[in-house]
Amino acid sequence: MIVSSTEKVPGFEYEIIEVVFGNTVRAKNIGKDILAALKNIVGGELEEYTDMLSNARAEAMNRMINEAGKLKADAVLNVRFTTSQTMAGAAELLAYGTAVKLKRN
């Protein structure tokens, strides 16, 4: 499956299938909050949150790709990510793009 943030794949035309989504909602945990609070005092990267967000992004992307696969898409183009707070201490990470069927020029 080709996944791209661009609108085109060089050498191909495409037929749009539909917009596909993948999301996950993640919550902070007390252990990570304590470590982050300590780091906040001395400065530096909050690695616990970096790892959590990296994992969330990968999960959202995989879910989006799986949705495209169910539609027999060859690619997902114009891929974007967004986040939103769903409740105190929890956030959604959403991946979305356009599932397409490719045709060689």
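Being a predicted model, the structure only gives us computed values, none of them experimental.

A. Layout of the nonpolar core. Core analysis: the biggest nonpolar cluster contains 11 residues, these being Val-20, Ala-56, Ala-60, Met-64, Ala-68, Ala-73, Val-76, Val-79, Leu-93, Ala-95 and Ala-99. Contributing elements (two or more residues each) for this core: α2 (47–70), β3 (75–87) and β4 (90–104). Per element, the largest residue contribution to this core is 4 residues, and it comes from α2. Setting aside residues up to four positions removed in sequence, Ala-73 forms contacts with Met-1, Ile-17, Ala-68, Ala-99 and Val-100. In this structure, Val-9, Leu-77, Val-100 and Leu-102 belong to the second largest nonpolar core, which totals 5 residues.

B. Quick peek at α2. When the terminal C-alpha atoms of α2 are compared, their 35 Å separation across 24 residues agrees well with the 34 Å that a helix rising 1.5 Å per residue should span. If you check which residues of α2 are buried, you get Glu-48, Tyr-49, Met-52, Ala-56, Ala-60, Met-64 and Ala-68. Lys-72 sits one or two positions beyond α2 and adopts a positive phi of about 65°.

C. Here's a closer look at the pattern of salt bridges. By the definition in use, this model includes 3 salt bridges. Residues Arg-63 and Glu-59 are paired through a salt bridge, measuring 2.8 Å at the closest nitrogen-oxygen approach. Linking Arg-63 with Glu-59, this pair stays in helix α2, spanning 4 residues, or about one helical turn. Residue classification places Arg-63 among the partly exposed residues on the basis of a relative accessible area of 38%. For Glu-59, a relative accessible area of 27% gives the class partly exposed. Notably, a salt bridge pairs Lys-70 with Glu-67, separated by 3.2 Å at the nearest N-O pair. Residue Lys-70 and its partner Glu-67 are located together in helix α2, separated by 3 residues, close to a single helical turn. With relative accessibility at 62%, the residue Lys-70 sits in the exposed group. Residue classification places Glu-67 among the partly exposed positions, given a relative accessible area of 34%.

Cut-offs applied
Residues numbered from 1 in each chain as written. Predicted model: local features only at pLDDT ≥ 70, side-chain atom pairs only at ≥ 80, totals over all residues. Heavy atoms only, no water. Core = buried A, V, L, I, M, F, W, Y, C linked by side-chain atoms within 4.5 Å. Buried < 20%, exposed > 50% of the residue type's maximum accessible area, 1.4 Å probe, protein only. Helix = DSSP H or I, 4+ residues; strand = E, 2+ residues; numbered from the N terminus. Contact = heavy atoms within 4.5 Å. Expected span 1.5 Å × (residues − 1). Salt bridge = Lys/Arg side-chain N within 4 Å of Asp/Glu carboxyl O.

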